[in-house]
Amino acid sequence: SPRPRRPASMSSSASKSRSSHPHFDDRGTLEWTGSFSLGQAQARREHKLIFIEFGREQCSQCRNLVQNVIPRPEVAELLKQHFVAVASDCDDAEPEVEAIAMNLSDATMLPFVMVTDAEGRFLHGSSGGVDAQTLVRTLERLVAQRQQVR
């Protein structure tokens, strides 16, 4: 299926400096990688956690997460400051991401939202639609736990 076109509002310099989500328009909020290993390397360099959106293009809840929840200022700021964003297509998933998803034993609905540390250790996961308030609480808790460990 055809990939969505980059919005005309994004300048060519912006498109070179960030990678957009492979399926949905997050309005230039995050720099996404489609590779867990690249995300891991970046997380190690920048001392960040890894936020994984595991879904598919035809998923309306996946679209809602990326297009409506992630761009909200309270969500975007936490993700930009403390996380590396990985977009993983469940129809063509990397083995590492599939292994992380196995931690969600009762997951039945996309998207799977998962968080690992820079070493790939599972820290959190959820299945199905998520609202901004719940996501913010979860992200804040994970950041606070990480700061306690440091």
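The structure we're discussing is the one just above.
A. Quick look at the sheet that holds strand β3 (residues 83-89). Read across the sheet, 5 strands follow the order β1-β3-β2-β4-β5 without closing on themselves; strand pairing throughout is mixed. A single partner strand is all that each edge strand has here, and the edge strands are β1 (32-33) and β5 (122-127). Alignment of strand β2 (residues 49-55) against strand β4 (residues 112-116), held across 5 bridges, turns out to be antiparallel. When the bridges of β4 are listed, Phe51 appears paired with Val115. Against the sheet, helix α3 (residues 60-69) contacts β1, β2 and β4, and its axis sits at roughly 140° relative to β2.

B. Geometry of the side chain of His23. Topologically, His23 is positioned in the loop between α1 (12-17) and β1. Engagement of the side chain of His23 in a polar contact is seen with the side chain of Asp89, the distance being 3.0 Å.

C. Seen up close, the pairing of β4. Of all 5 residues making up β4, 5 are buried, and the element is well covered by its neighbours. Both β4 and β5 contribute to a ladder of 5 bridges, which runs antiparallel. Along β5, the bridge assignment pairs Val113 with Ser126. In sequence, β4 turns back onto β5 through a hairpin of 5 residues, with Gly120 there showing a positive phi of about 90°.

D. Main features of the environment of Thr116. Along the chain, Thr116 turns up in strand β4. The sequence separation of Thr116 and Ile52 amounts to 64 residues, and the corresponding C-alpha distance is 8.1 Å.

E. Summary view of the state of the cysteines. By the definition in use, this model includes 1 disulfide. Put simply, Cys59 and Cys62 are joined by a disulfide, and their sulfur atoms are 2.5 Å apart. Judged by the torsion about the S-S bond (80°), the Cys59/Cys62 disulfide is right-handed. Residues Cys59 and Cys62 agree in their burial class; the two are buried. Residue Cys90 stays outside any disulfide, its sulfur separated by 7.0 Å from that of Cys62, the closest cysteine. The class of Cys90 is buried, set by a relative accessible area of 18%.

F. Focus on the packing of helix α4 (residues 73-82) against helix α6 (residues 132-149). α6 packs onto α4 with a crossing angle of 30° between their chain directions and a minimal axis gap of 9 Å. The orientation of α4 with respect to α6, classified from their angle, is roughly parallel. Seen from above, α4 lies across α6 with left-handed handedness. Between α4 and α6, the contacting residues are Glu74, Val75, Leu78, Leu79 and His82 on the first element and Ala132, Leu135, Val136, Leu139, Glu140, Val143 and Gln147 on the second. Per-class residue counts for the contact of α4 with α6 are 8 nonpolar, 2 polar and 2 charged.

Definitions and limits used
- Residues numbered from 1 in each chain as written.
- Predicted model: local features only at pLDDT ≥ 70, side-chain atom pairs only at ≥ 80, totals over all residues.
- Heavy atoms only, no water.
- Pairing = 2+ DSSP bridges.
- Helix = DSSP H or I, 4+ residues; strand = E, 2+ residues; numbered from the N terminus.
- Contact = heavy atoms within 4.5 Å.
- Axes fitted to C-alpha atoms, helices over the stretch in contact; angles between N-to-C directions.
- Polar contact = N/O pair within 3.5 Å; in protein donor to acceptor, adjacent residues only side chain to side chain.
- Buried < 20%, exposed > 50% of the residue type's maximum accessible area, 1.4 Å probe, protein only.
- Disulfide = S-S within 2.5 Å.
- Parallel < 35°, antiparallel > 145°, perpendicular 65-115°, else oblique.
- Left-handed = near helix turned anticlockwise from the far one by under 90°.
- Nonpolar A, V, L, I, M, F, W, Y, C, P; charged D, E, K, R; others polar.

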